[in-house]
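# Descriptive analysis of the structure
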Amino acid sequence: FNRSRAKAGVRSRPRTMSTGETQVSENFQRRPLSAELLVPGMVPGVGAASAAHLSKHGIKTPQQLMGVFLLLNRNDRDLFHAFLVTTGVQERYAKVVTEALSRKSMEFCTSDPLPDRKSMKNSDGSTTTVAQSFERNMLSTHKIVEGTVPGLGEKGIPKVHRHIDAEIQQIVGDAPKGSPSAVQLLGLYLFRGRLEGTFAAWLSEVCDVREVDAKRTAEALERKAKGICDSETAAAGPTPRRAGAGSRLPPTPEHGLAKPGALDPEEVAALKARSAQLQKALLYFLIFLAVLATVLHFTIGFS
């Protein structure tokens, strides 16, 4: 990707948000990450066109979109911005999406150093404390070390490292230095759709992690994802009723949708462009009528 181009896009002049956009942004920050298909109003900056572009690249839900952001260790915003633009998302919307995901991920990610690995185990040698710490504490962007991720020890970490880098290369086309981190591991889990059994099989069969350890890692990731994606991240009142599969109920505010009647930015831009085209066509039509009237006037006069 062109990183200099991405930087220019990320640091461009701020754009004032409309009331509808502000509501979408507020809802996204305080609501759980949805596993349902991306539609306008679920993620700030993602309208119908952007959702269609992302879907073509395997990103069909807000959880998967966050997954790709985390795969880049949430630190390389320029690279993520460039990736979005490459998929077809307009630069101004790519900036909005990047900022929203960066802010959202601050709830469960940290750049602080990892704790001393020796303090992560109980005196009896069990790894109960490792699992509890992983589930309760924020995930670090620092490289995974033994005693920080359940199921991954000295032998398993380098195996997972190689394959995570390969996955990032395949999805994004570039990989941040210093991977893998627990943040990136969770990102890959979210991008793959939170399929615990499938992810455990990938760790075991592809990364050559012991099957029992692979299951522990996948279980820990699912518990972590459940805390992030399936529960409120802020006091937002009772959870609205969901529209079940095949239901004709409209999407609820649970997904961070704007208030009724509010259009997303891409729809507004499309309407403005259409309006300009209609005005131009009307002007040409009026000119045609004026010319026709003039011709008829002279024709009648000579006759």
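This text follows the structure it describes.
First, a word on what this report is: a plain description of the structure on this page. What you see is a predicted model; the values in this text were computed from it and never measured. (Residues numbered from 1 in each chain as written. Predicted model: local features only at pLDDT ≥ 70, side-chain atom pairs only at ≥ 80, totals over all residues. Heavy atoms only, no water.)

What follows concerns the packing of helix H4 (residues 62–71) against helix H5 (residues 77–87). Contact geometry for H4 and H5: axes closest at 9 Å, N-to-C directions at 135°. One finds that H4 runs oblique with respect to H5. Residues Leu65, Val68 and Phe69 of H4 form the contact with H5, whose participating residues are Arg77, Phe80, Phe83 and Leu84. Per-class residue counts for the contact of H4 with H5 are 6 nonpolar, no polar and 1 charged. (Axes fitted to C-alpha atoms, helices over the stretch in contact; angles between N-to-C directions. Helix = DSSP H or I, 4+ residues; strand = E, 2+ residues; numbered from the N terminus. Parallel < 35°, antiparallel > 145°, perpendicular 65-115°, else oblique. Contact = heavy atoms within 4.5 Å. Nonpolar A, V, L, I, M, F, W, Y, C, P; charged D, E, K, R; others polar.)

What follows deals with the nonpolar core. Grouped together as the largest cluster of nonpolar side chains are 59 residues, with contacts concentrated most on Leu65, Leu70, Phe80, Leu84, Leu185 and Leu186. Going through the elements one at a time, helix H3 (48–56), H4, H5, helix H6 (91–105), helix H8 (156–171), helix H9 (182–191), helix H10 (196–206) and helix H11 (211–229) are the ones with two or more residues in this core. Broken down by element, this core gets its largest block of residues, 8 residues, from H9. Apart from the residues within four sequence positions on either side, leucine 70 is in contact with Ser105, Phe108, Cys109, Val183, Gln184, Leu186, Gly187 and Leu190. (Core = buried A, V, L, I, M, F, W, Y, C linked by side-chain atoms within 4.5 Å. Buried < 20%, exposed > 50% of the residue type's maximum accessible area, 1.4 Å probe, protein only.)

In this section: unusual backbone geometry. Of note in the backbone geometry, asparagine 73 takes a positive phi value of approximately 65° without being a glycine. Relative to the assigned elements, asparagine 73 resides in the loop between H4 and H5. On the basis of relative accessibility, which here comes to 7%, the residue asparagine 73 falls in the buried class. In this model, aspartate 208 sits at a positive phi of 65°, which is unusual for a non-glycine residue. Assignment of secondary structure puts aspartate 208 in the loop between H10 and H11. The exposed category is assigned to aspartate 208, whose relative accessible area is 51%.

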